[in-house]
Structure formats: structure tokens, C-alpha cells
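Single-letter residue listing:
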Amino acid sequence: MKTQTTQKADLDWKDLPFGYIKTDFNIRYHYKDGAWSKGELTSDATVKMHIADPCLHYGQEAFEGMKAFETKDGRIVVFRPIENAKRLQVSSDRILVPRIPVEMFLEGIQKVVAANARFVPPYNTGASLYIRPVVFGVGAQIGLGPAKEYEFIILVTPVGPYYKGGFKPVKALIVDEYDRAAPLGMGAYKVGANYAAGLLGYEYAHQQGYPIALYLDPKEKKYIDEFGTSNFIGIAGNKYITPKSSSILPSITNDSLAIMAADMGMVVEKRPIDVEELKNFDEVGAVGTAAVITPIASIQYKDRAFTFGDGATAGPVSTKLYEKLTKIQTGEIDDTFGWLEEIKA
Ligand SMILES: *Cc1c(COP(=O)(O)O)cnc(C)c1O
């Protein structure tokens, strides 16, 4: 245990947006001739690109997202980065990007977070340091094929809560006009292309007054898949139920919440969820790193609305899970699952 003595950056920590704020450093690795270079910290926030870089033309790009926190006793910790490292390898395999070794990924996180320690929001502000690793194919090329060279960059930026309104339920819309993923496509991989595919559905939901879009499975349009940027969880009595599907991204937040739910004595089910089952849920949540859990007040499906609880306040199970996870992240309760990696100053 160690108390950080860093002088913090002059920011309004309690009122940070979920956006980009420039920090002191990012770290970069370059892949060429079959090997990754040593990581280099730079304060340059721009990349110089070639007009024929294949990531620009063919979307050969994958990314990750996780957070660092300052704990109650002054340490800086990152939540489950090994899982992000492994998931980036899975995403990379799908789009023929060379794997980034787990040790290299973790070393990059250590270095870039330590170098930006003054941007890790102080304990008890509700803010955190968002960590965004991104890998993309470079090297002039026009013919289709995997790139010959790659850039791996980890940038960090302090962020406030994802939803400014706090832990308050929002209305969701099932978008069945557009798909964000294909049955054996890229839905299970964290690649930028999924987000491009989801933008129009997101716009469509927003225009109708729904802050969040929910997708059904792209093959039969019968089962719940996931929200545009977060997994679906449903609470029914003592059950924690989450979809099993080949077109959803395996969320580390969902995995963590499910482990906690089982530990609390709940029954965890991972299986296809028929859209008709929505009427059975007491609580529904959208789960991911950005917001941990966004409680869902109601889901609109064609001309029907499914409402959860009183449709205005978060349910008791979601609230309990949310509080427990966020307290583990900030060291308020013991990290009994071994999820925190400490950053050495
Ligand atoms: C990143 C992401 C999630 C959430 O995953 P976490 O590891 O919990 O942050 C969910 N769905 C999609 C499509 C994602 O890209």
C-alpha cells in the first residue's frame, strides 16, 4: 500500500464530461517485420497517417476500454485489465491483426497511467481515468489484405459519469429497422466497425426520445442480443439472466456482476432470452465499463411497452450490484475477487 503524493491537475473533478480531455502522455508501439517495438511515451496527441493506410479504407481496427481509479487509501488501481488484454487478442484474431502479448498490454497500461497520475480523478468524485487502447493497420496499401504494419496506442482521459442524471432509469427502444451485427459477423469482437453499424440505429432511437437502443439477434429477430454499447441483464426474482448469443460482445462488467450475483446467492443463467420474456423481469440493466449499470425503466417493442419496477427508480438488486462493484473499484470494500491491478508510481 502506498499513498500517492502527486499534485493533481487543475480540473473540475466533480463536473467532468464523458469526453476527451488532453492528458500529458500516450504510449505507442509499432509492429513491423513480425515484431512489436518497445513502447514510447509521447505528448503528441496526433498521428500522422498515410493516405493509403488500410485502417482508413477497410476498417482494420480494434479497441478496448477500461478504467483506473484512486482508492480510498490513495492507491491507483485498474479494474481487470488482464481480461481486456485477452479480449483484444480475440478481437485481433478476427480481423487478422497480430496479437498484442498480454504482458506488453499490461506494461503499456502501467506506464501510461503512471505517467498521467495527476489526471487520475481524486477518490470520491465519481470520476475515473478512462483507458483506451486502440490498434490499427498502417503502411501504404490499396489491394485488400491485412496490413503489413500496425500502430498500437493507449490513450487516457479523465471522465465523469456516463449519464449526468446519476443512477436513474432510462427508456430503451428495440431497433428492428437496422442491425448492428450479423449472425457470424463481428458483433462478438470489439471493433470500430460495430459502432459505425450502430450509429444510425442510435440516431433513430434518439430522435424518438429513447436514450438507448436495444438489438435483437440478427438471425431470427426473436431473442435479446444487447444494447448498442452495453450488455443486457434481467433480474427475475432470485435470477440474474443474461443472453447467450454469438453476436454480442462479452462484457467484462457483465462477467463481474454475474460473479458477484452468484456470490450473493443468486442463480445466474446465460441463455437465449426470447423477447416475450421481457414481461417476466423485475429489473433490466444495460451494463458496461462506462456506466457500470444503467437501469432500464421500460423497453418499447413495436407498439408494446414493457415496464420494469415502477419505471422511475432503480430496482433493489441493480442498486446493490452497482454499489458493490463501484465500492470494490474504489477500495471501499475488499477486492475479494482479485480484480484490481495496482499501478506502481
Ligand atoms: C465494450 C462493449 C460492451 C461492454 O463491455 P465492458 O467490458 O463491460 O466494458 C458491451 N457491448 C459492446 C458492443 C461493447 O463494445
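Residues numbered from 1 in each chain as written. Predicted model: local features only at pLDDT ≥ 70, side-chain atom pairs only at ≥ 80, totals over all residues. Heavy atoms only, no water.

Brief notes about the pattern of salt bridges
Line of reasoning, step 1. Inspection of every chain in the model, using the stated rule, returns 18 salt bridges.
Line of reasoning, step 2. Close ionic contact of Lys8 with Glu70 constitutes a salt bridge, the shortest N to O distance being 3.1 Å. Residue Lys8 is found in the segment before strand 1 (26–32), and its partner Glu70 is found in strand 5 (residues 66–70); the two are separated by 62 residues along the sequence.
Line of reasoning, step 3. Lys8 sits in the partly exposed class, given a relative accessible area of 21%.
Line of reasoning, step 4. Classification of Glu70 by relative accessible area gives buried; the value is 15%.
Line of reasoning, step 5. For Arg87, the salt bridge goes to Glu64, with nearest N and O atoms at 2.8 Å. Here Glu64 lies in the loop between strand 4 (61–63) and strand 5 and Arg87 lies in helix 2 (residues 81–94), a separation of 23 residues in the sequence. Of the two residues, Arg87 and Glu64, both sit in the buried class. (Salt bridge = Lys/Arg side-chain N within 4 Å of Asp/Glu carboxyl O. Helix = DSSP H or I, 4+ residues; strand = E, 2+ residues; numbered from the N terminus. Buried < 20%, exposed > 50% of the residue type's maximum accessible area, 1.4 Å probe, protein only.)

Some points on the site of the ligand
Line of reasoning, step 1. Among the 15 residues in the neighbourhood of the ligand, the closest are listed as Lys190, Tyr195, Ser251, Thr253 and Thr289.
Line of reasoning, step 2. Contacts to the ligand include Thr253, whose side-chain N or O atom sits 2.6 Å from an oxygen atom.
Line of reasoning, step 3. When the free accessible area of the ligand is taken as 380 Å², the share hidden by the protein chains comes to 96%.
Line of reasoning, step 4. The pocket occupied by the ligand, as judged from atoms lying within 2 Å of grid points, is the largest pocket.
Line of reasoning, step 5. Its residues assigned to classes, the shell around the ligand shows three nonpolar, eight polar and four charged. (Near = heavy atom within 4 Å. Polar contact = N/O pair within 3.5 Å; in protein donor to acceptor, adjacent residues only side chain to side chain. Areas by Shrake-Rupley, 256 points an atom, 1.4 Å probe, with all protein chains shown as cover. 1 Å grid on protein atoms, 1.4 Å probe; cavity = no way out; pocket = protein on both sides within 12 Å on 5 of 7 lines; lining within 4 Å. Sits in = over half its atoms within 2 Å of the grid points. Nonpolar A, V, L, I, M, F, W, Y, C, P; charged D, E, K, R; others polar.)

Remarks on the packing of aromatic side chains
Line of reasoning, step 1. Enumeration over the complete set of coordinates arrives at 13 aromatic pairs.
Line of reasoning, step 2. When the centroid spacing of 5.5 Å and the interplanar angle of 70 degrees are considered together, the rings of Phe63 and Tyr195 count as edge-to-face. A residue pair is termed long-range when its members are at least 10 positions apart, and Phe63 in strand 4 and Tyr195 in helix 4 (residues 192–207) qualify at 132 residues.
Line of reasoning, step 3. By relative accessible area, Tyr195 is classed as partly exposed at 32%.
Line of reasoning, step 4. Relative to Phe152, the ring of Phe105 has its centre 6.2 Å away and its plane inclined at 25 degrees; by these criteria the two rings are stacked. Of this pair, Phe105 sits in helix 3 (residues 102–115) while Phe152 sits in strand 8 (residues 149–159), and the two are 47 residues apart along the sequence. A single burial state applies to Phe105 and to Phe152, both of which are buried.
Line of reasoning, step 5. Grouping aromatic residues by their ring pairs yields a cluster made of Tyr29, Tyr31, Trp36, Phe105, Tyr150 and Phe152.
Line of reasoning, step 6. The residue whose ring lies beneath Lys171 is Tyr210, and the NZ or CZ to ring-centre distance is 5.1 Å. (Phe/Tyr/Trp six-rings, centres within 6.5 Å; stacked < 30°, edge-to-face > 60°. Lys NZ or Arg CZ within 6 Å of the ring centre and 35° of its normal.)

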